[in-house]
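What the coordinates show
What follows is each chain in one-letter form.
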Amino acid sequence: MDYSQFLYMKEEVSLIVVMAILFLYDLIASEKARKYFSVVACVLLGAHIIYNLIPTSTPGSAFGGMYYYTPMMTIIKSILTFGTLIVFMQADLWLKREDTKFKQGEFYFLILSTLLGMFFMIASGHFLMFFLGLEMASIPMSTLIAFDKYRHNSAEAGAKYILTAMFSSALLLFGLSFLYGACGTLYFEDIPALLTSGNYMQLAAFVFFIAGIGFKISIVPFHLWTADVYQGAPTPVTSYLSVISKGSAVFVLLTILMKVFAPMVTEWQNIIYGLIVITITIGNLFALRQKNMKRFLAFSSISQAGYILLGVIGGTAIGMASLVYYVLVYMVANLAIFGVISIIEQRTEKVSMDDYNGLYKTNPKLTFLTTLALFSLAGIPPFAGFFSKFFVFMAAFKSGFIVLVVIALLNTIISLYYYLLVVKAMYINKNDNPIEPIKTDCYTKISLTICLIGIIGLGITSIVYETITAFSYGM
Amino acid sequence: MGVELYLVISTIMLCAGIYGFLMRKNTLAMLISVELILNAADINFAVFNKFLFPNQLEGHFFTLFAIGIVAAETAIAIAIIINVYRNVQSLDVDKIDKMKH
């Protein structure tokens, strides 16, 4: 056996090392040492990011083509790990709570194992590897959602998630069996030569596949679990679910569409076209009537998924670059809002939008940060969100989807309305007993500062987008 | 016995599974319905491998992996359902409706 192929799996191997260390720490650390659990976890994950920041130069594959490596993978995995680090920092306050204190080791281990599953899913070169990665990402995720197991909402959300996850992965598996019947192989490299346009069996396989992966990204006909799960899950898990889990699924969708289903390009473009239109529209319309902050963000994230798919539909290298950039920008903005929601929920147990009335009077800093993040999500010019939206629109426009871009633009106006509704509630609406001034802990401060730098900096420094573009052509 | 006959069986299992998942009110019954779909997919893999591509083993291996993963998933699902039962004293999906709209 050639052991040098493990060099391609640098990210996965170092993540497994991090997981092993944390697991042992959880086992043997004394009561006093366990107080520093979050510090250890954050430092280890930070070291992991720095160790893997520079891509290995050559693309290659390991295990007979099961595992695939391109320099772009390193960028994507670094973005996902970076988001996980921020989630770790924001989760600290929740993990210090009396009923979760004794199981914080489990939280870190489960989150990292979902991350490992996503890494394998992104880097897969065979549908078996893809399926294993997908399941490895979704099974621990359901346990994370039901993490507050004595709280009714969390348990309910966990049940809803695992049942829909099983249903969707069953459909995905059925689709893969059709693909195997039509092609006789499941290697990404061999399938395109065997696909023909207009074969109904392959089309059925593709539709089942989209249904399975659409559940992960929460595209509209498969989105029904999203709002309930986002509301019921513990807030740090919700933020992880809304950015990291969604982002990884989008990356893998684009790579599979580009690599595997390339001969069926007209068919899948039509399907994705329809999905984008209903995803953006229905996500926006339902977001208008939400009163709970977490449910509101759930529908906002559904419509954002539609915008992310705009980068997918072209199936080009520019689309890939704009998509990665969009996910990065969306990640910092969303994590900022969830960080604020999380700390307010931990301190006061308030998540309703009415509770946020008059927040500016008592917590000007948190309000300001939330406002910037909402502006970024809505795509208002000086912030990163504007540029990321501009790039995905441009990618779709260049591929010739002009009507689609117009529909998406119109929807941006609707989304502006409900994002500004929250801003109005915080600044203008009167409230007799607003949320009292909240003392943020050190971790939350650091994570929110990173997000703030991201929201402002990612837009005005062009180097980030240029780096991503430079690597995306190696896809 | 041709490949079509097996495909008819697996398609019936798929449809029964989807119908059961959407219509049954008991969470365990829903779980069993999902198992039906998964087994239909497994049958498909094995049949395609045996009849269409007899000189390779990819489909059989996929089936084995799928069975293993699904066992893990079912175990977690049952654990979560038990946890829900402790919270609401019922397995009925109509009772798990605290969060809606």
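The structure presented is a predicted model; accordingly, all values stated were derived computationally and were not measured.

What to know about the overall build of chain A
- Scanning chain A from N- to C-terminus turns up 19 helices and two strands.
- In terms of overall size, chain A behaves like a compact globule, its C-alpha atoms giving a radius of gyration of 21 Å where 475 residues would be expected to give roughly 23 Å.
- When the accessible surface of chain A is totalled, it reaches about 16,400 Å², and 70% of it is carbon and sulfur.
- When the 29 basic and 24 acidic side-chain charges of chain A are each reduced to a single mean position, those positions are 8 Å apart.

Notes on the pattern of salt bridges
Residues and elements named next belong to chain A.
- Per the stated rule, a full pass over the model turns up ten salt bridges over all chains.
- A salt bridge links Glu11 to Lys77; the shortest N-O distance between them is 4.0 Å. Of this pair, Glu11 sits in helix α1 (residues 10-28) while Lys77 sits in helix α3 (residues 71-95); the two residues are 66 residues apart in sequence, bridging distant segments of the chain.
- For Lys77, a relative accessible area of 1% puts it in the buried group.
- Between Glu156 and Lys160 there is a salt bridge, with the nearest N and O atoms lying 2.9 Å from each other. Here the residue Glu156 and the residue Lys160 both occupy positions in helix α6 (residues 152-183), the gap between them amounting to four residues, near one helical turn.
- Here the salt bridges do not stand alone but share partners, grouping Glu156, Lys160, Asp228 and Arg295 into one network.

Describing helix α4 (residues 104-122) of chain A
- Under the 1.5 Å per step criterion, the end-to-end length of α4(A) is 27 Å for 19 residues, consistent within 8% with the ideal 27 Å.
- Taking burial as the measure, the 19 residues of α4(A) include 17 buried ones, the bulk of the element.

What to know about the packing of aromatic side chains
- Within the structure shown, the criterion is met by 47 aromatic pairs over all chains.
- For the pair Phe131(A) and Phe62(B), a centre-to-centre distance of 6.1 Å together with 40° between the ring planes defines the contact as tilted. Placement of Phe131(A) in helix α5 (residues 127-145) and of Phe62(B) in helix α3 (residues 58-88) is noted, with the two residues assigned to different chains. The residues Phe131(A) and Phe62(B) share a single accessibility class, namely buried.
- Both rings, one in Phe386(A) and one in Phe387(A), keep their centres 5.3 Å apart while their planes meet at 75°; by these two values the pair is edge-to-face.
- Classification of Phe386(A) by relative accessible area gives partly exposed; the value is 31%.
- Members of the aromatic cluster, joined through ring pairs, are Tyr25(A), Phe37(A), Phe88(A), Trp94(A), Phe107(A), Tyr108(A) and Phe147(A).
- Across the ring face of Phe119(A), the terminal group of Lys77(A) is positioned such that the distance to the ring centre comes to 5.7 Å.
- Above the ring of Tyr68(A), the side-chain terminus of Lys259(A) is found at 4.0 Å from the ring centroid.

Here is what the cut-offs are and how they apply
- Residues numbered from 1 in each chain as written.
- Chains lettered and ligands numbered in written order.
- Predicted model: local features only at pLDDT ≥ 70, side-chain atom pairs only at ≥ 80, totals over all residues.
- Heavy atoms only, no water.
- Helix = DSSP H or I, 4+ residues; strand = E, 2+ residues; numbered from the N terminus.
- Rg over C-alpha atoms; globule rule 2.2 N^0.38 Å.
- Areas by Shrake-Rupley, 256 points an atom, 1.4 Å probe, with all protein chains shown as cover.
- Lys, Arg positive; Asp, Glu negative; His and termini not counted.
- Charge placed at Lys NZ, Arg CZ, Asp CG, Glu CD.
- Salt bridge = Lys/Arg side-chain N within 4 Å of Asp/Glu carboxyl O.
- Buried < 20%, exposed > 50% of the residue type's maximum accessible area, 1.4 Å probe, protein only.
- Expected span 1.5 Å × (residues − 1).
- Phe/Tyr/Trp six-rings, centres within 6.5 Å; stacked < 30°, edge-to-face > 60°.
- Lys NZ or Arg CZ within 6 Å of the ring centre and 35° of its normal.

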